[in-house]
Structures are given as C-alpha cells and as structure tokens.
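Residue-level structure breakdown
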Amino acid sequence: MPKLHDKIYYAIIWRQNRLAMKWIDQNRITIDQGLYRGAIQLLHHAVKYRNYSFARKLLARGVPVDCLDELGQTALREAAQRGHLGGMKWLIRHGADFEGQRDELLLAAVRCAHPKVIKWLLAQGCDVNATHDGQNPLRHCYEYCDEKERARIAPLLRGHGAEFPAGYEPDG
C-alpha cells in the first residue's frame, strides 16, 4: 500500500489536484510556519512536474514560494535545473526571490545543460563569472556537460565574457 505522500505525489503528476487536496485535508496535513517537510516537498514536486495550478494551491495555503527542500534548494532552482523556463517565470511572478539566487540558478542551468534557461538568465544580467564554492559557469560546463552540450553552452558563456576561475585548466 503506497504511503500518503506517494499517493499525493502521483495525484500531482496526473494533475488530480482536487484528489491531492482532499487527501491533504482528510489527513490534516498543515503548514507549520511554512516549514512542514511534506508540503514543501509537494511544492517542489509540483514544480518538477509543471503542475502550477497545484503549486498555486500550496502557496495559497501558506507554503512560502522560496521554501527549501531537504537539499536546501528552492523550487526556482528546481525549475532551472530541469530547464523549465516558463516555470521559473511563473515562480518569479508569484514572489520567488530571483535576485538572491540568480547566479546559483545560472550554475544549475549550466550543470544540467539547458541553453534556453542559460540565455534567459544571461539576458537578466546574471554574472557569468560569479563563483560559488570555487565553481563558476564555464568550469561547470567543462566538468558536467558532455562534448555535445559543451559545444552549445561554452560559446554562449564565452560570448558574455566567461573565463575559467584562477588556477583551473580544463582537461578537454
């Protein structure tokens, strides 16, 4: 028998929003100051599967748009990692803190090789040479992208002035 959260996750995937909310209500799942682990996972899950009508319902119930999942990531970062540009814009319209995580979003989009998201983030003024834990977008490109992805993404980054961090030399 699947656990309650699994049932709700599947309802989100299949866009059975009323059923998911019914299970949430029947089991008295509440949002404790926006920190209820399950509800936060549900928001990230809704973003992952592009179910923004369910995400809107969670936001209306008090889940903060910038809540962190168990990995310390926001739903906005989840959307960037998955290449969901429309989802990123939706989250920003609903109050997600773009300014506070813009450079991390660029790193996530590069790491997961999403050129459309990268182009949009660069157009929004993301710092193409910003470092986070010794990493920058161009280094991410050479360390995480395969050769085909690198051929698409590295020129985008270099065209905006990207350089490798000091002391780093790529292997390939």
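Here, the structure is the one placed above.
In this report, the structure presented in the accompanying data block is examined. Predicted, not measured: the structure shown is a model, and the values here were computed from it.

Below, the discussion takes up the nonpolar core. Within the largest apolar cluster, 52 residues are counted, with the highest numbers of intra-cluster contacts made by Phe54, Met88, Leu91, Ile118, Leu121 and Leu157. What leucine 121 contacts, discounting residues up to four positions off in sequence, is Met88, Phe98, Leu105, Leu106, Ala109 and Cys126.

On to the packing of aromatic side chains. In the structure shown here, the tally under the stated rule is 4 aromatic pairs. Between tyrosine 142 and phenylalanine 164 the ring centres are 5.1 Å apart and the planes differ by 70°, which places this aromatic pair in the edge-to-face class. Taken together, the positions of tyrosine 142 in helix H9 (residues 137-144) and phenylalanine 164 in the segment after helix H10 (147-159) put the pair 22 residues apart, joining distant regions of the chain. Ring plane angle 50° and centroid distance 5.4 Å describe the contact between phenylalanine 164 and tyrosine 168, whose orientation is recorded as tilted. On the basis of relative accessibility, which here comes to 13%, the residue tyrosine 168 falls in the buried class. Through a chain of ring-to-ring contacts, the aromatic side chains of Tyr142, Phe164 and Tyr168 assemble into a single cluster. Seen from the ring of tyrosine 144, arginine 111 lies directly overhead, with NZ or CZ sitting 3.8 Å from the centre.

Moving on, we come to the environment of aspartate 66. Relative to the helices and strands, aspartate 66 resides in the loop between helix H4 (52-60) and helix H5 (75-82). Setting aside residues no more than four positions away along its own chain, aspartate 66 makes contact with Thr74, Gly95, Ala96, Asp97 and Gln101.

Here we take up the state of the cysteines. Using the criterion set out here, one finds 0 disulfides in the structure. Not engaged in a disulfide, the cysteine cysteine 145 finds its nearest cysteine sulfur in cysteine 141; these two sulfurs lie 4.4 Å apart. Look at cysteine 145 and you get buried, because its relative accessible area is 4%.

This part takes up the pattern of salt bridges. All chains considered together, the criterion is met by 4 salt bridges. We note a salt bridge from glutamate 78 to arginine 82, for which the minimum N-O separation is 2.4 Å. Here arginine 82 and glutamate 78 lie together in helix H5, a separation of 4 residues that amounts to about one turn. Two residues, arginine 102 and glutamate 99, come together in a salt bridge whose shortest N-O distance is 3.0 Å.

Helix H8 (residues 115-123) packs onto helix H6 (residues 85-93) with a crossing angle of 40° between their chain directions and a minimal axis gap of 9 Å. Of the possible angle classes, the one that applies to H6 and H8 is oblique. Where H6 approaches H8, its residues Leu85, Met88, Lys89 and Ile92 are matched on the opposing element by Lys116, Val117, Trp120 and Leu121. Each residue belonging to the contact of H6 with H8 can be placed in one class, and the counts come to 6 nonpolar, no polar and 2 charged.

Okay, H8 next. Among the residues making up H8, those that are buried are Pro115, Val117, Ile118, Trp120, Leu121 and Leu122. If you follow the buried residues of H8, they end up packed against H5, H6, helix H7 (102-111) and H10. Of the residues trailing H8, glycine 125 is marked for its positive phi of about 90°.

What follows is about the side chain of glutamine 135. Counting through the fold element by element, glutamine 135 comes out in the loop between H8 and H9. Setting aside residues no more than four positions away along its own chain, glutamine 135 makes contact with Leu107, Ala130, His140, Glu143 and Tyr144.

This brings us to the packing of helix H2 (residues 17-26) against H4. Between H2 and H4, the least distance of the axes is 10 Å, while the angle of their chain directions is 30°. Relative to H4, the element H2 lies roughly parallel. The hand of the H2/H4 crossing is right-handed. Side by side, H2 and H4 meet where Asn17, Ala20, Met21 and Ile24 of the first sit next to Ser53, Phe54, Lys57 and Leu58 of the second.

What counts, and at which threshold
- Residues numbered from 1 in each chain as written.
- Predicted model: local features only at pLDDT ≥ 70, side-chain atom pairs only at ≥ 80, totals over all residues.
- Heavy atoms only, no water.
- Core = buried A, V, L, I, M, F, W, Y, C linked by side-chain atoms within 4.5 Å.
- Buried < 20%, exposed > 50% of the residue type's maximum accessible area, 1.4 Å probe, protein only.
- Contact = heavy atoms within 4.5 Å.
- Phe/Tyr/Trp six-rings, centres within 6.5 Å; stacked < 30°, edge-to-face > 60°.
- Helix = DSSP H or I, 4+ residues; strand = E, 2+ residues; numbered from the N terminus.
- Lys NZ or Arg CZ within 6 Å of the ring centre and 35° of its normal.
- Disulfide = S-S within 2.5 Å.
- Salt bridge = Lys/Arg side-chain N within 4 Å of Asp/Glu carboxyl O.
- Axes fitted to C-alpha atoms, helices over the stretch in contact; angles between N-to-C directions.
- Parallel < 35°, antiparallel > 145°, perpendicular 65-115°, else oblique.
- Nonpolar A, V, L, I, M, F, W, Y, C, P; charged D, E, K, R; others polar.
- Left-handed = near helix turned anticlockwise from the far one by under 90°.

Any functional reading would require information that these geometric values do not contain.
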